[in-house]
Structure formats: structure tokens, C-alpha cells
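Given next are the chains, with one letter for each unit.
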Amino acid sequence: MIEPKLMLPRVHAGTMRRARLLDMLDRDGGSALTVLDAGVGYGKTTLVRSWCAERPEAVIWMTLDAADDDPVRLWMHLATGVERLGEGLGQQALLRLGARGAPVESAVDELMNGLVAYDRPVTIVLDDVHSVKNQASIRSIAHGIKRLPGNARLLASTRSDPAIGLARLRVRRALTEIRARELAFTVDEASALITHEGIALSSQGVELLVERTEGWPAGLYLAALWLRELEDPDAGVRAFAGSARHVGDYLADEVLSALAPQTRDFLLRTSVLGRFTPELCDAVLGRTNSADLLAELARSNMFLVALDARGEWYRYHHLFGEVLQLELGREAAPELRRRAAQWCRARGLVEEAIEYSAAAGDAQTVAELLVDHHLEFIWGGRLGQYLGWVRWLPSEALVDHPLLPASGATTAALLARPEVEIQQLLGVAELARRKRPELWSPYLEAVVEVTHSETIERGDVGAAVEHGRRAVAAVREGADILSVGVLASLAQALYFAGDLAEVRRIAMEAVQRPDAPDVPDGYVGALGLLALVDAEQGRTESGEAWARQAIDFARERFQADSWIASLAHLGLALACAGTGRLDEAEREAVRGVRLRRSPQPTVGHAHALLVLAQVQVARGRLARAAATLAQAQRATTEFPDPGRLPALAAAIERNLSEARSSATDHQPIEQPSPAELAVLRGLAGGLSRREIGDQLYISLNTVKTHTRELYRKLRVTSQAEAVARAEALGLLEPGQSPG
Amino acid sequence: MSAHDYRVVVEGELGARYASAFEGMTVSAHDGVTEISGSIIDPSHLQGLLERIAGLGLQLRSVTSLGTDRAG
């Protein structure tokens, strides 16, 4: 089923073709970004929709709503739209979004790659951008705009200027703006609308109408609905012009009071529904003929928008929906919303059911739905949305459903939210354990303890081990489904604490479980730990095998380097270093560091830096090694309990100073000349002497002379020795002065 | 956070239906404008009120803070 969010609204037969504005959108082939920025009722959606209908290229249409404050949800829908352009185009982005805790920007980049691969013009429409308030979502949209490929155009409609750097885009003339001034009807356009509706209004009447409404399209469409029922439209317009009432208020009054009572009642009571089908209306209103009524309304009135061709989904025009809700009054709405929630719940429309229940103030149903579906949200990556709902619930509801604060804390930890927020949710879970012990279970115990344990990233290794052990005990008592993740988590804590024998035992248990591959982060993490331990203890062959198994699995699953494989890359780095493949070792260590990067210092990142420093010492890149080591040590001093990291750092420091003193024992007799250094770089890059000569425009004999001089100055006798010595002395590092 | 009294003026005179959108505020229409006034507890409250005004297609003329009232 195509989700209503992604449906292109139908162009109503009575809609005016606004050539003036359509030409603006087409001018100069159009900017990459067009923003339609004006208040409600200015015909933004209608304009974009009619423009799309006249264009040959593919359209991805998305209507944003408040739930898109979770950037993962926002981009999942867009990626689904891209996926529909053709097999596999949105796949990479969807996989990234499904990986918990991965940055959304990487998924946005993948999505743009998908658009590049489409290789034909495509239009993306983001309707109602003002619905999104969360900075993370807005930033991700701004990021998407920066990366928009040449074959794509983006049209955004909004009621207020979004913080996506419009001023900068304006200066660079990379933006087309269509605002209220442009969207307002001219007298000619209003005249065409009135004529099209078959209304006999004089030209003075039309002018008066445009003056009174200031060309506001919603006002003019409402006026047309009203005037077409009048005997003397000119008299109607004169009365309207003579009134001081607000335009929308006056016209809505006229239109609503002219409706048949049954129609009016239907409109008022369905106005609490955002998007609806005839069946949903039937269920909420206890009737059976909503389909006929909706089809009739969609034909005759422009305030009902059909979202598809089959007459399945509809919504009201935003302004009209608001007015209808005001007329309905507050008392009737909650019961209608409760019925809508029931209907949605029975059909598995979980998100809608939660939203209707929340709007009805029905915390009990929201809590039940979240408990029933928490794994879909959390394992599906929609963490922000899930956490938002948990935080909406009053604390009594959280105490009655202890799973919610517990899983909410896990979610907050995965989202790297502030410590205080995580602790507050854990505190509520703790309160629930004391107040409602009968609701507590090993499952909850494991969730709470593993969340505590994962605060290891914040630097308390001892506490992480303690909580990890409790989580494992709870899992053994009766929460088998959480085993892989919890075992991997304890294994990691033990690794940073330094108990390598136990790490091996626990990680082995995790990877040997048949359900291990179903929990990618736990599985790949445990494999990475096995790789690290084996490589560190000299079993380089099996270390390398574990690492490759982890990296291949993660690549297959996410079709790219994934943060969950960072430990495996570090393990591979140590295994390579142990067998003398130092280039590869450094490459892998750099990858491990990059994948582990985070805004605040973490134990994992500091450890990755130490592995890199160790490899750099082995490679003889001493200046770089010293810088990497210092960066790791700065982070380590901030941790309350850094486990074995200081000992590791001290060992690397010793290796570094030994390497330094042996390097000073081997100072060159004389500094190599720039020409000799150029030859040396060629040798280090694996070029033959002839190739070096070709590259430097010198003869083979000259290359040989330079090489002989190099050997003499560096006091070596072979090419391999010369390269190793040069690296140790920092002669090959760019920007480094020789010596 | 202390509450502030605010007066928000929008274009056009609003009838009872539109006025019901501003629960908890005093709404009075005269001379072609409508004044919506009352106690605003914090910036989010004010933001919500302004969004409500925009959502109903009302045109904002002015927003005035009338100073701090009793601790809110």
C-alpha cells in the first residue's frame, strides 16, 4: 500500500490554471530549489501539484507532519519514495536508516547517490515543511539541499521561513522564492475563477471582492462557493465589503450555513481526522454511506482534497479543517478520536492509532500500543519518534508500564541524548520496580542493566562491567531474546577492563547462538572483540578470520562500512601489524577510528586511537603516532574509570620512545637533497627505477646515482632499509621538514 | 518562569466561532480588528498562540507585552 503521506493530492477539476505562477516555476529551467513561502490558504499545494501534473519527469511527493521531527522517520519516507523510482535506488539509504544510532546524514548522502543513479530528471516535493520544528530534522533537510544532484529539483512549501540558510542561497541566486505577494490572485485571475464557476458578477463586483480578500486564494474559493448559490451576487459582495468581519470567518459562516444539515454534521465530525478513508468515517460516525458522500463532496467542493484516484484517502484543506473543528467544539472531539484510534489499531495502523489516542488524551491506550510495538520502533531505527511518545506520557502511565521508561532510557542512550535525560528515565524505571514489583521481570531487569552498562561510552568501565554482569544474570533467568546484545555488551565492558580470557568466553557464547545474526550490532561487535583478543594475544590468523567475518557480514547487511564494525577493523589492524603488513594495518586502524568518532569523548573512540597509535609506531611514523597518542590520552584523563586504557597508553609511549632513540642512533650522515627525497618517495610508493625516472623527467642513470647517495647518507644497504629508515625519520611525511 | 500579560492584535473582526480558538484568552472585536489578550506563561505558549493565528489564516498586526503579572 502506498502511504497517504506519499500520495500526490489530486488536482480538482475546478482549480484555476495559474499560468503566471507556472511560468515562474519554469523560468530558466528552474532553480535547484524553489521555496513557496506563504500563509495558509495561499494555494501553495495546489500550485505545485498542477505544475507537477504538467511536467514529464518523475515526482516524489511527501507531505510532512509533526512526527517528522524524528529525522529517521522523515528520511525513511523519502527513501521509500526514491525506492519507488526504480528497483534498489533507495535501498542503501533505507539500510542506513535501519541501522540503529547511525547518523542520518550518511543516509541522506546515500539517498542522493540513489538519485544520481536514477540519471533522469526528478522532482522532489516537500509539502508543509513548517510542520517540522526539530533542529535535527531541519539540519538534515539543509544537508540534503547541499547534496542535491544536478538531475533533481526540490520544491518546498511552508508557512514560515525554515532555517535552511535561505539568505545564503538567495545571495548565490540558487533559489526561486514564491511568496504571498506572488500567490495572491490578480483581478484578472479572480475574474476567470468567477466566470469558470458560472457566477454572474459585474467587473466592479470582482474588483471589490479582490480588494476585500486582498487576493487571498482561500477567500476567493470560499467566496465562489457562496456566490454561486446567490440570486444577486453583486449585492452579496457589497454586503461582504461593507462588513468589518474577518474574511475567512465571514465566508466560512456563509458556506457552512448554506450546507444541508446532514452534510454539515458529517463535515464537522470528520474534521478531527487528519487523513481519512470512507471506512474510517463510517467507523467514527457509525454510518455506512460515507463513500458516496465523500465522492459527491470531492466533486462539488474544493475544500475536500482527494489524495488518490481510487477515492480511498482524503483530507480537508488545512484552513477549512481548522474552521470545521472550531465549529464542532471541544467536547465532541475526544470521543471521535478514540473511535478513530480503535479503527486504526484494529488495522495495524500503529502510528495513527497512537496519534489519535494522544490527541484524545488517552494515555492508557498510547502506553499499551507502545508496549505492544516497542521492538518495531526500536529495531526499525525510529528512535526519536518512540522516545517522543514515551516522554509525552504522564509519569503514572510510565510507572504502570515499566517497560516504557526502561526502553525509553535505552533509546535515549542510543540517540546519545544528555546523561540527565537517560538517568531520569532510569529513575522512573527504578520507581516502577519498587512501586509495582509484580510487573517487574528479568526482561526489564536486563533492559535496565544493559542501558546502565552502555553508559561505558561515557567513561566508567568498572560500573559498566558490574551492570553488564547483572544484565547477563537477568537474561539467563528469563529474557533469552536479549541474549546476543547483552552478552556482546558485557564482553565489550570486560575488554576495556582488561579481562581478555573472559571476553573471549562471553563473546564466543554470543556469536555461537543461532539467533546471533538477527542482532547485527551485537553479533558484529562480539566478532570484533574476538578478533581483537586473538590478535593481541598473538593468534593473528584466527584474529584476522574473525575480523573478516564481521566486516563481510556488516558490508553485506548495510552494503557499506558500518559503525558496528569498528572493533573488527581495529582487530584486523592488529592482526595485519602482527604479520608485518603495516600499510594495511594503518588503513584498517584509521577506518576503525573514523567509524567510532562521536561528538563527546568516549572510551571506544579513545581505544581506537590507541590502536592507531600502536600501528603508527610499528610503521615508524613516529611524529604521527605521538599526535594520535596525545589525543587518546587527553580523552582518557576525562574518564572517571578508564579501565586498561592508561596501561595501554603507557605501553605505547614506551614503544614510541624506544623507536625514537633508535631513530636518533641512525641519524643520516648528511641530509638528502630535494631531488634525492623525490626518488625516495617513488621507492616508498613501490615504483621501479625506470618509472621514477619517467615521472621526474630524469635518466635511469641519474636515478641510480641518487639512490646510491641516499644509501650512503642514510647508512643503509638496501631499498627496504632505506624506506623504513626514511619513515622512522619522518622524511616521507608531507609538510615535514627533513631531519 | 513568570507569566506575562500580552495583547495580540489581528486584522478583521472575529465572530464567536473563531474566538473559540483562543481558549483561556479574552477576545474582543472592534474597529476592524480583534484583540486577543491574557496571560502567557512562557515562550512556547506564545509560539503556540502565534501558530494558531497563522493556522486560521489570520493576519497579525501587533504583539505587545504588557509586563509581568503575578508570579505564574
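All values derive from a computational prediction rather than experimental measurement.

(A) Inspection of the sheet that holds strand β1 (residues 33-37) of chain A at higher detail. Residue and element names in this part refer to chain A. Read across the open sheet, the five strands follow the order β2-β3-β4-β1-β5; overall the sheet is parallel. Both outer strands of the open sheet, β2 (58-63) and β5 (175-179), are each paired with one neighbouring strand and no more. Pairs of neighbouring strands in the sheet enclose a mean axial angle of 15°, with direction left out of account. Bridge count between β1 and β5: five bridges; the pairing is parallel. Pairing of Asp-37 across the sheet is with Arg-179, part of β5.

(B) Summary view of the packing of helix α1 (residues 19-26) of chain A against helix α2 (residues 44-54) of chain A. Residue and element names in this part refer to chain A. Contact geometry for α1 and α2: axes closest at 10 Å, N-to-C directions at 65°. One element, α1, and the other, α2, form an angle in the roughly perpendicular class. The hand of the α1/α2 crossing is right-handed. Between α1, through Leu-21, Leu-22 and Leu-25, and α2, the contact on the second element is made entirely by Leu-47, Ser-50, Trp-51 and Glu-54. Here the contact of α1 with α2 is composed, by residue class, of five nonpolar, one polar and one charged.

(C) Examining the interface of chain A and chain B more closely. Opposite the 16 residues of chain A that make contact, chain B presents 14 residues. Among the elements of the structure, α13 (247-258) and α17 (318-328) of chain A are those that each provide at least two residues to the side of chain A that touches chain B. Along the lines of polarity and charge, the residues of the side of chain A that touches chain B split into six nonpolar, four polar and six charged.

(D) The arrangement of the domain arrangement of chain A in detail. Under the domain assignment used here, chain A contains domain 1 (4-183), domain 2 (187-258), domain 3 (261-347), domain 4 (362-439), domain 5 (491-665) and domain 6 (674-728). Distance between the C-alpha centres of domain 5 of chain A and domain 6 of chain A: 34 Å.

(E) Main features of unusual backbone geometry. All names here are of chain A. A positive phi is found at Asp-128, a non-glycine position, where the angle reads about 65°. Even without glycine at this site, Tyr-697 takes up a positive phi of about 55°. Following the sequence through the fold, Tyr-697 ends up in the loop between α37 (689-696) and α38 (700-714).

How each quantity is defined
- Residues numbered from 1 in each chain as written.
- Chains lettered and ligands numbered in written order.
- Predicted model: local features only at pLDDT ≥ 70, side-chain atom pairs only at ≥ 80, totals over all residues.
- Pairing = 2+ DSSP bridges.
- Helix = DSSP H or I, 4+ residues; strand = E, 2+ residues; numbered from the N terminus.
- Axes fitted to C-alpha atoms, helices over the stretch in contact; angles between N-to-C directions.
- Parallel < 35°, antiparallel > 145°, perpendicular 65-115°, else oblique.
- Left-handed = near helix turned anticlockwise from the far one by under 90°.
- Contact = placed C-beta atoms within 7 Å.
- Nonpolar A, V, L, I, M, F, W, Y, C, P; charged D, E, K, R; others polar.
- Domains from an automatic or database assignment.

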